Amino acid sequence: MLQADGVDRARSRSGSGLRLLYAATLCNFTAFGAYFAAIQLYVEDELGASRASVGLAVGAFSVSALLVRPFVGRSIDARGRRPFLLAALALLALTSLGFLVAEAVPAVVGLRLLQGVAGGTFYTTAAAVATDLAPVERRASAIARFSLFLYGGFALGPVAAEWIIGAVGFAPVWLAAAALGATGVVCIVLLPETGAASMATRAELGPGNRRLLHPAAVGPGLVLLTTGMGYASITGFSSLYGRAIDLDDPGLLYAVFAVTIIGVRLVAGRLADSIGRVATALPGLGLAAVGLGVLALVQEPASAFVGVAAFGAGFALIFPALMAFTVDRVPDHERGEALGSFTAFMDAGTGGGAYLIGAIADRAGFGWAYGTPALLCLAGAGLLVALAVRSRQTVGADLRGEDEGAAVDAPVTGAGDGFVARQ
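Residues numbered from 1 in each chain as written. Predicted model: local features only at pLDDT ≥ 70, side-chain atom pairs only at ≥ 80, totals over all residues. Heavy atoms only, no water.

### Describing the overall build of the protein chain
Thought 1: Scanning the protein chain for helices and strands turns up 13 helices and two strands.
Thought 2: Residue burial in the protein chain is summarised as follows: out of 423 residues, 59% are buried.
Thought 3: Taking the intrachain contacts of the protein chain between residues at least 6 apart in sequence as the baseline, contacts between residues at least 24 apart amount to 84%.
Thought 4: In the structure as shown, the protein chain presents an accessible area of about 16300 Å², 66% of it carried by carbon and sulfur atoms. (Helix = DSSP H or I, 4+ residues; strand = E, 2+ residues; numbered from the N terminus. Buried < 20%, exposed > 50% of the residue type's maximum accessible area, 1.4 Å probe, protein only. Contact = heavy atoms within 4.5 Å. Areas by Shrake-Rupley, 256 points an atom, 1.4 Å probe, with all protein chains shown as cover.)

### Observations concerning unusual backbone geometry
Thought 1: Here D246, not a glycine, exhibits a phi torsion of approximately 65°, which is positive.
Thought 2: Even without glycine at this site, Q299 takes up a positive phi of about 55°.
Thought 3: Following the sequence through the fold, Q299 ends up in the loop between α10 (277–297) and α11 (301–328).

### Focus on the packing of helix α8 (residues 215–244) against α10
Thought 1: It is the contact of α8 with α10, at a shortest axis distance of 11 Å, that shows an interaxial angle of 35°. As α8 runs across α10, the sense of the crossing is left-handed. In contact with V223, T226, T227, G230, S233, I234 and Y241 of α8, α10 contributes L285, L292 and L295.
Thought 2: Per-class residue counts for the contact of α8 with α10 are six nonpolar, four polar and no charged. (Axes fitted to C-alpha atoms, helices over the stretch in contact; angles between N-to-C directions. Left-handed = near helix turned anticlockwise from the far one by under 90°. Nonpolar A, V, L, I, M, F, W, Y, C, P; charged D, E, K, R; others polar.)

### Quick notes on the nonpolar core
Thought 1: Counting 115 residues, the largest nonpolar core has Y151, F154, Y231, F311, F315, L322 and Y370 as its most contacted members.
Thought 2: When residues of this core are assigned to their parent elements, the largest contribution, 17 residues, is made by helix α1 (residues 2–46).
Thought 3: For Y151, the residues in contact, after removing those within four places along its chain, are Y231, F257, A258, I261, I262, R265 and F315. (Core = buried A, V, L, I, M, F, W, Y, C linked by side-chain atoms within 4.5 Å.)

Okay, structure coming up:
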C-alpha cells in the first residue's frame, strides 16, 4: 500500500512537472515563432536589406545555438536543469526588448546571436527534462508530445506576428515576445529539479572526458544535419516566398507547417517506439525531399501549402525518432551531453543553410533555393541506411562475442532497428 502511494505521488509530481514544462515551452516557442516572420519582414522592409542579409539575421540564431549546445549539454548533467531554463527565458525577454532600439542589420544580428544562446540552452535543457520524466519504453512518445507544445508555439507565433505587424507595427511584437519570456520564467520557478539523479551519478563517477561531441550523437546528428537547410528554408523564408508567389497571407504557411507537425507527431512518437527509429525516420526523409521539391518546381499558392505540409510531415517523423535513437545509446548521466551534441547538428544545418538559402534566392530564385535542400534530404536518407546497416553489423558482432569486452546482454533498443544501448 505504501509502495502504491509512493508511485502515485511520483506520478503526480511528474505530471505537474510536465505541465509546467509544457507551458514554458509554449511561451518560449510562441515568441521564437513570432521572430520567424518578424525578422524577415523587419530586415527586408524596415531596414531595406537584401535576402542574403535576411538569411544572415535568421542564421545567426543557429550559429550561437550550435556553439552553446555542447557546453549546455555537459553542464545540465553536472549542475541541474532549472538554472539553465531560467537563464534562457530571461535572456529571451531581455533581447526582445533590445529590438525596440535595433535600427541596423548588425544590431539585429547581434541580438539574434544572443537569442541563439537562449534558444539553444532552452531546447537542450527542456528536452532533457522531458526525457527525465519519461520511462524508457515511451521515450520517443514523450519527445513527440513535448514537441507538440513547441510547434504549437510555432503555429501561433508567426500568424500573430504577421497580423500585429500589419495592424500596428513591429514594436508590439517585441514587447509580446518579452512578456512570453517572463511568463516562462514564472513557470520554471515552480518546476522541481529533474536532473538530481544525473548530478549524483556524475559526482559519484567523477569528472569525465570533455568532448566537443558525444560519439553516440554523431551518426544520427549527421542525418539530421541534412534536413537543416530545408528546415531553414521553411522557417526562415516562408514569408518572402509567399510574397514572391502572390500568396495573400504568407503567415498561413507557418501555421500549416506547425499544424502538420503537431498532427503527425501525435502518432510519430508511438511509431518510433513500436516499429523502430530508422523505420520511422527513413520515410520522413523521403517526404521532406518531396515537399521541398514541390516548392522548388511548382511555385504556386495552392502547391505551396502542399509542399510545406509534406516537409512538415517528414520532419515530424524524423526528429523524435533520431533523438530517441541518440538517447537510447547513452547512460542517464550523459543524456544532456548527448542531446546537446545531437541538436548542435541541427543548428549547423540551419545556421549555414539560412544564409545559403538567402544567397541562392538572390542569385537564382526560390526554385534553386528549395531544390538544393531537397537533394540534401535524399543524401540524408542514404546516410541513414548506411548507419542502420553498420549498426546491425555491430550488434551481430557483439552478440557473437566478437567485440572484446562486449556486454552480450546489453539491451537492444529502437524496437527492432538493431541498436545496442551500451549502458
